[in-house]
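In case you want the letters, here they are:
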Amino acid sequence: MTSKHAEINKWVKEMAKMCHPDHIVWIDGSEEERIRLEAEAFRTGELIQLNQEKLPGCVYHRTSPNDVARTEHLTYICTKKKADAGPNNNWMKPSEGYKAASEIFRNSMVGRTMYVIPFSMGPVGSPFSKIGVELTDSIYVVLNMRIMTRIGASVLEKLGKDGQFTKGLHSKADLDVNRRLILHFPEDNTIWSVGSGYGGNVLLGKKCLSLRLGSYQGYKEGWMAEHMLIMGIEDPTGYIGYIAAAFPSACGKTNLAMLIPPEGLKRKGYRIWTVGDDIAWMRIDTDGTLWAVNPEAGFFGVAPGTNAKTNPNMMTSIQKNTIYTNVLLKMDGTVWWEGGDPPVPSEGIDWQGRPWRSDLKDENGKAVLSAHPNSRFTVPAGQCPSITNRFEHHHGVPISAIVFGGRRAKLAPLVYEAFTWQHGVYVGATMASERTAAQYGKQGEVRRDPMAMLPFCGYNMADYFKHWLKMGKLMSRSPKIFNVNWFRTDESGDFMWPGYGENLRVLEWIIDRCRYKVGAVETPIGYIPYTGDIDTTGLDMTPETIDKLLAIDKNEWLEEIKGHKEFFDMFGKRMPKEMLNEYEALKKRLSK
Ligand code: GTP
Ligand code: SPV
Ligand code: MN
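Residues numbered from 1 in each chain as written. Chains lettered and ligands numbered in written order. Predicted model: local features only at pLDDT ≥ 70, side-chain atom pairs only at ≥ 80, totals over all residues. Heavy atoms only, no water.

Student: Quick question: what am I supposed to make of the site of ligand 2 here?
Tutor: Around ligand 2 sit Arg70, Tyr198, Gly200, Lys206, Lys207, His227, Ser249, Asp278, Phe300, Arg376, Ala438 and Phe456, and those are all the residues in its vicinity. In this structure, Lys207 approaches ligand 2 through a side-chain N or O atom, which is 2.5 Å from an oxygen atom. In the model, an oxygen atom of ligand 2 is placed 2.5 Å from a nitrogen or oxygen of the Ser249 side chain. Its free accessible area being 290 Å², ligand 2 has 98% of it covered by the protein chains. Considering only residue class, the shell around ligand 2 consists of four nonpolar, three polar and five charged. Of the residues that make up the shell around ligand 2, three or more belong to each of domain 1 (6-45 + 71-221) and domain 2 (226-294 + 392-591). (Near = heavy atom within 4 Å. Polar contact = N/O pair within 3.5 Å; in protein donor to acceptor, adjacent residues only side chain to side chain. Areas by Shrake-Rupley, 256 points an atom, 1.4 Å probe, with all protein chains shown as cover. Nonpolar A, V, L, I, M, F, W, Y, C, P; charged D, E, K, R; others polar. Domains from an automatic or database assignment.)

Student: How do you make sense of the environment of His61 when you look at a structure like this?
Tutor: Inspection of the secondary structure assignment puts His61 in strand E3 (residues 59-61). A C-alpha to C-alpha distance of 9.1 Å links His61 and Gln49, two positions 12 residues apart in sequence. Discounting chain neighbours no more than four positions away, the residues touching His61 are Glu46, Leu47, Tyr140, Tyr324, Thr325 and Asn326. (Helix = DSSP H or I, 4+ residues; strand = E, 2+ residues; numbered from the N terminus. Contact = heavy atoms within 4.5 Å.)

Student: It is not clear to me how the coordination of the manganese ion (ligand 3) should be interpreted in this structure. Could you clarify?
Tutor: Metal coordination angles have textbook ideals: 109.5 degrees for a tetrahedral set of four donors and 90 or 180 degrees for an octahedral set of six. Lys207 (NZ), His227 (NE2) and Asp278 (OD) make up the full set of protein donors to the manganese ion (ligand 3), lying at 2.2 to 2.3 Å. Here the manganese ion (ligand 3) binds six donor atoms, and the angle range of 69 to 174 degrees at the metal identifies the geometry as irregular. When the donor residues of the manganese ion (ligand 3) are listed from N- to C-terminus, their spacing reads K-x19-H-x50-D. Here Asp278 lies in the loop between strand E15 (271-276) and strand E16 (280-284) and His227 lies in the loop between strand E12 (224-226) and strand E13 (229-234), a separation of 51 residues in the sequence. The pair His227 / Asp278 is uniform in exposure class, with both members buried. (Donors = N, O, S within 2.8 Å, 3.2 Å for Na, K, Ca; no water. Tetrahedral: all angles 85-135°; square planar, octahedral: opposite > 155°, others 65-115°. Buried < 20%, exposed > 50% of the residue type's maximum accessible area, 1.4 Å probe, protein only.)

Student: Can you walk me through the sheet that holds strand E21 (residues 335-336) in this structure?
Tutor: Strand pairing in a sheet relies on backbone hydrogen bonds. The paired strands run either parallel or antiparallel. Here we have four strands laid out as an open sheet, ordered E21-E20-E22-E23, and antiparallel in their pairing. Where the open sheet ends on each side, the last strands, each with one partner, are E21 and strand E23 (355-357). Pairing geometry for strand E20 (residues 328-330) and E21, over two bridges, is antiparallel. Residue pairing for E21: Leu329 is matched across the bridge by Val335. (Pairing = 2+ DSSP bridges.)

Student: Can you help me understand the packing of helix H12 (residues 421-429) against helix H17 (residues 577-591) in this one?
Tutor: Angle between the axes and distance between the axes: these two values describe a pair of packed helices. Between H12 and H17, the shortest axis-to-axis distance is 10 Å and the interhelical angle comes to 90 degrees. In terms of orientation, H12 lies roughly perpendicular with respect to H17. In this structure, H12 contributes Gln422, His423, Val425, Tyr426 and Ala429 to the contact, and H17 contributes Glu578, Met579, Glu582, Tyr583, Leu586 and Arg589. A per-class count over the contact of H12 with H17 returns six nonpolar, two polar and three charged. (Axes fitted to C-alpha atoms, helices over the stretch in contact; angles between N-to-C directions. Parallel < 35°, antiparallel > 145°, perpendicular 65-115°, else oblique.)

Student: How should I be thinking about the domain arrangement of the protein chain in this particular structure?
Tutor: How big an interface is tends to be stated in terms of the accessible area lost upon association of its parts. On domain assignment, one finds that the protein chain holds domain 1 (6-45 + 71-221), domain 2 (226-294 + 392-591) and domain 3 (299-383). Here the C-alpha centroids of domain 1 and domain 2 sit 32 Å apart. Interface of domain 1 and domain 2: buried area, both sides summed, is about 2600 Å²; carbon and sulfur atoms make up 59% of it. The largest per-residue losses of area from domain 1 upon contact with domain 2 belong to Asn88, Phe128 and Tyr219, which jointly make up 25% of the total buried on that side. The tally of links between domain 1 and domain 2 comes to five salt bridges. Measuring nitrogen to oxygen at the nearest pair gives 2.9 Å for the salt bridge that ties Asp278 to Lys206. Where domain 1 packs against domain 2, one counts 15 residue pairs in polar contact (both at pLDDT 80 or more). Among the elements of the structure, helix H3 (82-85) and helix H8 (205-221) are those that each provide at least two residues to the side of domain 1 that touches domain 2. In terms of residues, the side of domain 1 that touches domain 2 owes the most to one element, H8, which gives 10 residues. (Buried area = accessible area lost by both parts, 1.4 Å probe. Salt bridge = Lys/Arg side-chain N within 4 Å of Asp/Glu carboxyl O.)

Student: Is there a simple way to think about the pairing of E16 in this case?
Tutor: Residues in a regular strand point their side chains to alternate faces of the sheet. Of all five residues that make up E16, four are buried, and the element is covered over most of its length. Pairing geometry for E12 and E16, over three bridges, is antiparallel. Each residue of the ladder has a partner; that of Glu226, found in E16, is Ala280. Where E16 and strand E17 (residues 290-293) come together, four bridges link them in antiparallel fashion. Looking at the pairing, Ile284 lines up with Leu290 of E17. Connecting E16 to the next strand, E17, in antiparallel fashion are five residues, including Gly288 with a positive phi near 80 degrees.

Student: Sorry if this is basic, but what is going on with the sheet that holds E3 here?
Tutor: The strand order across the open sheet formed by five strands is E2-E3-E19-E24-E18, and the pairing between neighbours is mixed. The open sheet has two edge strands with one neighbour each: strand E2 (48-49) and strand E18 (298-302). Strands E3, E18, strand E19 (323-325) and strand E24 (376-380) of the sheet are contacted by helix H5 (residues 139-148), whose axis makes an angle of about 115 degrees with E18.

As structure tokens, then:
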């Protein structure tokens, strides 16, 4: 089979000439096709079928042990000019990138099948959607793309004879970390990923297209591609306020997006609607306000820590039609992970395929993990009980508040509100968070991660800040901007805030601020709540603890902002002067 689209046909032929697959299969997205591909993957061991009585439609996959998270040091932006990629990205010249990767792609698919996956980010045919075609030698990738995006015949139909599309090429090659490259060519609308089989590296619609190429296109075309969840908060009057929130990888987006209100707030009449858990595309609509869509069709969520208490909606979602990656495989053909629902299984096969027992200790006497800390599940968004009925709507939802946040054991208060849009951009631009298992590198180390986009901004971040400032000016009414921190710890290192569903108590304040229903205390870093304005009904928490959660230590902040300046200085003259002005103003407020 080929398509009606001459450019696609020609490109598939060229890529096949380089990779040399035995067969080429065009993916149509049908149920029959899913069953056929799964059966083949069961035969080869690429997938294991799970207990179909307990987990109908669910399958299991292990990645190679050296291939369990995004590899940012092997991820490149290939633009003609180095300065266009910026100091925030690894850079290669496009010609060098193509050359280095071709050497790994060459003959990488001998003995394998190349699957051609036409996919749409956003509903097929919606004016705000983007189409891509991913070529891959992995059935696991095909089946994940089937859940995470809209794939198949309808997408090709939409492209017609000459529609625009992103060219994505992926091969597992030999899964050698020394022969792995994740390359983006924004100027060619092309992605080449080789040598990996891990989600964020290989599901090219997600981080590669929707964020790295997307952010670049948004900059050129006047919209925004962000690493944000989108959720609706329905208040007791039936009004739904929508927020978009950017937290770095594994910092709580999925959990927040589908939280279940704590008893007291539920009784008040609060209800949550999930729009997205990882990516937001936002644009200014004809009414002059900011609207957001989730371009994805599924969730690729972190397993550890997910249980019926922390995230009941997700536990309900993942009982069927789910792909589990790098979790514990139990003897009864079901799955488990650290922080999963009790009871802890006594034995199973761990994420590396080794026998595991709950009393197993490593050489240092520490419990051996059954699941990798970045183990994940892939699940259709439609299975989430709180999914919004606006999911397929091309307008998406109007955004009242933008929320930034990260993991900060110290310093950052539970919540604060920026004074203005420009100040809010500064708050986002100076975000920092402790590194998590979602990326390689030293865990727990605090690093700057502006707008949670450091690994995903496909162009010079100074230009990205400029773009944010400009978008604010173009809006007739811009969302208010907030910062939250669920991860502040006390003297003994325990989280002071209960988190998860209880986070709604903070969102209630945020929405009330957006509707001018509640006052606030002015501090040097922004507005914070009056202690009594955070509803703690039913929480075992004293006003003193709330005060501690909201405390701002001027000296610690003066120390912190030295890092802001250092970060900005990396961008030299390209850094917008508004950001430097905000820095000076903050310094002055803190020194008073
Ligand atoms: P990516 O998919 O990597 O972009 O991550 P994410 O931001 O969607 O993170 P996710 O919601 O999956 O949470 C990651 C980890 O943080 C999980 O282990 C959660 O259990 C934990 N977590 C989420 N929300 C909270 C919270 O409010 N408090 C605490 N203490 N932990 C949380
Ligand atoms: C993240 O790391 O931010 C994720 C998972 O959402 S991945 O798709 O692997 O990037
Ligand atoms: Mn993410």
